[in-house]
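These are the residues of each chain, in order.
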Amino acid sequence: MTSGCFGCRSGVHEMKSGQLREMAKAAVEHGAPLEAWDSLSVRCVERAEKMNYWDILAVLQAYAQTGLVVQNHDQWLFRMPERGARDEVRPAPRDGQGCR
């Protein structure tokens, strides 16, 4: 994902949990504009019930790294415990260095 695609909202509305995690990671790495973070937040609200626990944490970490305030956090952040309790526990995804 390049910084040029952060300005467009096309595609974000179709992203699933892992794709939202990757978008957040790339947004930090490439210094995405605020519009991209807004789109990410809107999609996280839409997908809140279906997002994986670790993906939600990764998105929140990305926001923390930038110092941005999470928009609509009350609509998706607080659904994490509900989601985790319903699903079987899965290990966290590995990053490029093999760490969890």
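The structure presented is a predicted model; accordingly, all values stated were derived computationally and were not measured.

Thresholds applied
Going along each chain's sequence as written, the residues are numbered from 1 onward. Local features in this predicted model are restricted to residues of pLDDT 70 or higher, and side-chain atom pairs are both shown and tallied only at a pLDDT of 80 or more, whereas totals for entire chains, interfaces and linings draw on every residue. Based on all heavy atoms of the structure, the side-chain values leave hydrogens and waters out of the count. Strands are runs of DSSP state E lasting at least 2 residues, helices are runs of H or I lasting at least 4, and numbering of each runs from the N terminus. The buried label applies to any residue whose accessible area, calculated with a 1.4 Å probe on protein chains only, is under 20% of its type's maximum; exposed applies above 50%, and partly exposed to all values in between. Here, residues are in contact when the closest pair of their heavy atoms is within 4.5 Å. The angle between two axes is taken between their N-to-C directions and runs from 0 to 180 degrees, where each axis is a line fitted to C-alpha atoms and a helix contributes only its stretch in contact. In this scheme, roughly parallel covers angles under 35 degrees and roughly antiparallel covers those over 145, while 65 to 115 is roughly perpendicular and the rest are oblique. The hand of a helix crossing depends on one turn: near helix anticlockwise from the far one by less than a right angle means left-handed, and clockwise means right-handed. Residues were grouped as follows: Ala, Val, Leu, Ile, Met, Phe, Trp, Tyr, Cys and Pro as nonpolar; Asp, Glu, Lys and Arg as charged; and all remaining residues, including Gly, as polar. Throughout this description, the term salt bridge denotes a Lys or Arg side-chain nitrogen within 4 Å of a carboxyl oxygen of Asp or Glu.

## Quick word on the overall build of the protein
Along its length, the protein carries five helices and zero strands. Overall, the protein shows an N-to-C arrangement of helices and strands of α-α-α-α-α. Expressed as a percentage of the 100 residues in the protein, the buried residues total 32%. Contacts spanning at least 24 positions in sequence make up 65% of the contacts within the protein whose residues lie at least 6 apart.

## Overview of the packing of helix 1 (residues 17–30) against helix 3 (residues 53–66)
Contact pair helix 1 / helix 3: the axes reach a minimum separation of 9 Å and the direction vectors enclose 15°. Here helix 1 is positioned roughly parallel relative to helix 3, judged by the angle of their axes. Regarding helix 1 and helix 3, the two cross each other, and that crossing is left-handed. Mapping the contact onto sequence places Ser 17, Gly 18, Leu 20, Arg 21, Ala 24 and Val 28 in helix 1 and Asp 55, Ala 58, Val 59, Ala 62, Gln 65 and Thr 66 in helix 3. Classifying every residue of the contact of helix 1 with helix 3 by side-chain character gives six nonpolar, four polar and two charged.

## Regarding the pattern of salt bridges
Taken as a whole and assessed by the stated rule, the structure comprises three salt bridges. As a salt-bridge pair, Glu 22 and Arg 21 come within 3.2 Å of each other at their nearest N and O atoms. The exposure class of Arg 21 is partly exposed, given its relative accessible area of 22%. Residue Arg 21 is joined to Asp 55 by a salt bridge in which the shortest nitrogen-to-oxygen separation is 2.4 Å. Here Arg 21, found in helix 1, pairs with Asp 55, found in helix 3; they are 34 residues apart in sequence, far enough to count as distant. Several salt bridges share partner residues, and in doing so they unite Arg 21, Glu 22 and Asp 55 into one network.

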